[in-house]
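# Structural features, examined
Here's the letter readout for the chains.
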Amino acid sequence: MSEIVHPSPARRLAGGRLLGSSQLVLAVILAALCIAISLAAPQFYSEANVIAILRQCALVLIVASGMTMLIITAEVDLSVGASLAFVGCIGMAVLNATHSLTLGILASLAFAGGVGLVNGLVVTRLKVNSLIGTIGMMMMLQGGVYLFTREAVQNHHQLSSFTGLGAGYVGPIPMPVIFAAAIFIIAYVTLRFTTLGRYLYAVGANEKAVRLSGLRSERLKLLAFVVTGLCVGIAGMILASLMNAGQPTAGRGFELTVIAAVILGGTSLLGGRGSLFGTLLGVLVLKVIDNGIIILGWNQDLQMVVPGVVIILASYLDIVRNKANVR
Amino acid sequence: MKQLKSVLFASAALTLAALPAQAQNMPKRIGYVTNYATHEWYQNVIKGMQARAKELGIQFEVQDANLDIAKQVAAAEDFMAKGVDVLIVTPVNEEGVVPLLRQAKSNDTPVVLEGNPVKGMTTMVAICDYDTGYFSGVEAGKYAKEKLGGTAKVMNVGLPLLSATVLRSQGFMDGLKTIVPEAVMVHDLDGGGNPDRALEVSAAALAKNADINIIYGINDSSSLGGLQAWKAAGKSQDALLTVGTGGEGLAFINAMEKEPSYRIEAAMFPEKEGYTAIDAAVKLFNGEEVPEHIVSPTAPMIGEDWKKFYDYDASTRSIKWDAVNALKAPEKCMKTAADLK
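It should be emphasised that the depicted structure is a prediction, and the values quoted were computed from it without experimental measurement.

Summing up its helical and strand segments, chain A has 13 helices and four strands in all. Computed over C-alpha atoms, the radius of gyration of chain A comes to 20 Å, within 12% of the 20 Å expected from 2.2 N^0.38 for 327 residues, which places it in the range of a compact globule. Scored against the burial criterion, the 327 residues of chain A give a buried share of 52%. Contacts in chain A between residues at least 24 apart in sequence constitute 80% of all its contacts with a sequence separation of at least 6.

Residue and element names in this part refer to chain A. Most of helix α11 (residues 254–264) sits inside the fold, with 10 of its 11 residues counted as buried. Of the residues making up α11, those classed as buried are Phe254, Glu255, Thr257, Val258, Ile259, Ala260, Ala261, Val262, Ile263 and Leu264. Just downstream of α11 lies Gly266, where phi reads positive at about 105°.

As a further point, take the packing of helix α8 (residues 195–205) of chain A against helix α10 (residues 217–243) of chain A. Residue and element names in this part refer to chain A. Relative orientation of the contacting elements α8 and α10 amounts to 110°, with a least axis distance of 10 Å. The angle between α8 and α10 falls in the class roughly perpendicular. Between α8, through Tyr199, Leu200 and Val203, and α10, the contact on the second element is made entirely by Ser217, Leu220, Lys221 and Ala224. For the contact of α8 with α10, a count of residues per class yields five nonpolar, one polar and one charged.

A word on the interface of chain B and chain A. Every contact between the two is made by 27 residues of chain B and, on the other side, 30 residues of chain A. Among the elements of the structure, α2 (40–56), α7 (195–208), α8 (220–232) and α9 (251–258) of chain B are those that each provide at least two residues to the side of chain B that touches chain A. Of the residues forming the side of chain B that touches chain A, the biggest block, 10 residues, is contributed by α7(B).

The next thing to look at is the sheet that holds strand β11 (residues 293–295) of chain B. Residues and elements named next belong to chain B. Pairing in this open sheet of six strands is parallel, and the strands run β2-β1-β3-β4-β5-β11 from one edge to the other. Only two strands of the sheet have a single neighbouring strand rather than two, namely β2 (59–64) and β11. Averaged over all pairs of adjacent strands, the angle between their axes in this sheet comes to 20°, without regard to strand direction. Running over the sheet, helix α3 (residues 69–82) touches β1 (29–34), β2 and β3 (86–89) and is turned about 175° from β1.

The pairing of strands in a sheet happens through backbone hydrogen bonds and is either parallel or antiparallel. Residues and elements named next belong to chain B. Sheet architecture is open: six strands sit in the order β7-β6-β8-β9-β10-β12, paired in mixed fashion. This sheet does not close on itself; its edge strands, each paired only once, are β7 (184–190) and β12 (299–302). The sheet shows a mean angle of 20° between the axes of neighbouring strands, taken without regard to direction. In this structure, strand β9 (residues 241–246) lies alongside strand β10 (residues 262–267), joined through five bridges in parallel fashion. When the sheet's bridge partners are listed, Gly244 is paired in β10 with Glu265. Contacts between α9 and the sheet are confined to β9 and β10, with β10 contributing the most and set at about 155° to the helix.

If you look at soluble globular proteins, the nonpolar side chains tend to sit buried side by side. A:Ile62, A:Val63 and B:Ala281 are the most contacted members of the largest nonpolar core, which has 198 residues in total. Among the elements that make up this core, the one with the highest residue count is α10(A) (18 residues). Lining this core are residues from two domains, each supplying at least three of them: domain 1 (21–127 + 270–296) and domain 2 (129–267 + 335–340) of chain B. Setting aside residues up to four positions removed in sequence, B:Ala281 forms contacts with B:Pro27, B:Ile30, B:Val86, B:Ile88 and B:Val112.

Turning our attention to the pairing of β10(B). All names here are of chain B. The element β10 is largely enclosed, with a buried count of six among its six residues. Here β10 runs beside β12; their pairing, made up of four bridges, is antiparallel. Each residue of the ladder has a partner; that of Glu265, found in β12, is Met301.

Our next topic: unusual backbone geometry. Residue and element names in this part refer to chain A. Its identity is not glycine, yet Asn244 carries a phi of approximately 55°, on the positive side. When you line up the elements, Asn244 lands in the loop between α10 and β4 (245–246). Since 27 C-beta atoms lie within 10 Å of it, Asn244 is described here as buried.

Next up on the list: the environment of A:Ile105. All names here are of chain A. Mapping Ile105 onto the fold places it in helix α4 (residues 101–124). Separated by 132 residues in the primary sequence, Ile105 and Met237 place their C-alpha atoms 7.0 Å from one another. With residues up to four places along the chain from it excluded, the contact list for Ile105 reads Gly91 and Met237.

Residues and elements named next belong to chain B. As assigned here, chain B comprises domain 1 (21–127 + 270–296) and domain 2 (129–267 + 335–340). One C-alpha centre belongs to domain 1, the other to domain 2; they are set 31 Å apart. Domain 1 puts five residues into the contact, and the matching count from domain 2 is five residues. Tallying contributions element by element places α2 first for the side of domain 1 that touches domain 2, with three residues.

The next thing to look at is α8(B). Residues three or four positions apart in an α-helix share a direction because the helix packs 3.6 residues into each turn. Residue and element names in this part refer to chain B. An ideal rise of 1.5 Å per residue puts 18 Å on 13 residues; α8 measures up with 18 Å between its terminal C-alpha atoms. Judged by how many residues are buried, α8 sits mostly within the fold: 13 of 13 residues are covered. Backbone geometry just downstream of α8 places Gly234 in the positive-phi region, at approximately 75°.

Bringing the pairing of strand β5 (residues 123–126) of chain B into the picture now. Residues and elements named next belong to chain B. Residues Thr123 and Val125 line one face of β5 and the alternating positions Met124 and Ala126 line the opposite face, and both faces are buried. As paired strands, strand β4 (residues 111–114) and β5 are joined by three bridges and run parallel to one another. Each residue of the ladder has a partner; that of Val112, found in β5, is Thr123. Where β5 lies against β11, three bridges are found, and the strand directions are parallel. Across the sheet, Met124 pairs through a bridge with His293, a residue of β11.

Parameters and conventions
Residues numbered from 1 in each chain as written. Chains lettered and ligands numbered in written order. Predicted model: local features only at pLDDT ≥ 70, side-chain atom pairs only at ≥ 80, totals over all residues. Helix = DSSP H or I, 4+ residues; strand = E, 2+ residues; numbered from the N terminus. Rg over C-alpha atoms; globule rule 2.2 N^0.38 Å. Buried ≥ 20, exposed ≤ 12 C-beta atoms within 10 Å, placed from the backbone. Contact = placed C-beta atoms within 7 Å. Axes fitted to C-alpha atoms, helices over the stretch in contact; angles between N-to-C directions. Parallel < 35°, antiparallel > 145°, perpendicular 65-115°, else oblique. Nonpolar A, V, L, I, M, F, W, Y, C, P; charged D, E, K, R; others polar. Pairing = 2+ DSSP bridges. Core = buried A, V, L, I, M, F, W, Y, C linked by C-beta atoms within 7 Å. Domains from an automatic or database assignment. Expected span 1.5 Å × (residues − 1).

So, in structure tokens, the structure goes:
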């Protein structure tokens, strides 16, 4: 839980400028990466590659939108990767049984939202640290999915609307990008322009003060866990559609990519600070690096190394920013 | 009376003569420590072992190391303490199992390895990875000549981390070039052996250069990840061939039934590998000579060929033992991991 003192308006303004400048730095890094890769490999800025990058960003951005809200409240969810795999299997099984896309999606959302709810209850009621609690949930889901199915759940329903979730287009824009954009906008407006958004920041910045002012901080955290879960539900169905199967082995390391993007975007693990625009930039930077390594024909092991380096650098930047805020 | 004695003697002699062929001394218990029971390949290896052990009246137990060498050693020690007659192990890592082999030797417990070789082993049951890739490459070449205008531009969704999967990719290209000598590998990718990673790297590679007409995957997840990336990019499967490897689960059957480009599967029959491992265990128990590498057969399946080897009822598959047991395995592999060094 964060014990950061809520900054005064003047300091908040200074912090806001700093945050803005960190996003500017990130935007410059992103632009530099794009230019450098384009110069080395002109195919990078081809329409096909831009679409491929956006599609790869979509799943991460969907879950990162919820995760940003959660980390702003000073909590984290490490079970999103395991939940992503389980959601796909459940969604596909329900689709096979009912041949109804609506029921398949509802089942996925109910499951993933339920996982978020349980995570939230474990953290807020049982007072288990979210890092530990969600590792426990991750292990349960990783084992549980094999109790549910030993094999990938194949597509026996052949619903074209389901295929469209992952592989469809609206004009030149892939469907997953449209879903991601919609969720991003909803989350952005919520955090930036609503009272609920301000409460989420306040819970992360100083939970004690929030409680003393009469707000139920546990409920706000619970909500953030459920929202993250629901985002996983949507991403899980899109992934199942893209792979045309519910894969129990999917989503390995997905949680790390999501958290790395959020932290890289300037959201503090201590809570109370962060922005969705920063998260968007973080997702883009990570995925452009990922894509660039393949486009440039570099050793793909770097795709594991680079996010690791990025997480450490981003955490260090977070510390530097905290110190600057205190000054 | 004398005639009756002769008949009885002759019958007894015939019975004794028939014994070694029909009923070797059977081990009472065999323990198997797998390395990763959640993977479809190992689930089907276990099914094959269970089927053969049941047929021979052997009590069969399985423990999963879950990719943890310490857990694997502990499970094997437990089996030896319980007094299993033969131990079968799929090594989690090759060095880690060496002390276990020594321990089993001092305990007089014969050990059959499945999948990967280990220094000091008595015998190992495994497929030939290079040959598996090679023969599917030959079939892909024939297909390319007939249906793709004789060109072969390959996207290899590989796994450079493992020598076995490197051998498959090499074998595929070598086999393909016997029919289409100018075949080229346009993309050599690390798909991580899992479908979402394969999808992601394939999508990026196709965005860079989509001028390919063959997707080769070192396992079914890899080939399917590549194919899904192709479909997600809005491309038609009309002039595409997808070749999978493994046939470890239901995914390839589904793909061969529903995806027009998924025409060749390099089947590795995990059930047969399990079956063969039990037979090897029986031989070791009886002190028979066994080769260091007992090759388990593989075969490229084209189009509807899979129906010769499997029954499928939309939720489970069952192997047709007569067809699979009729496959001839080579005496030795064309290339092994040693040839990569």
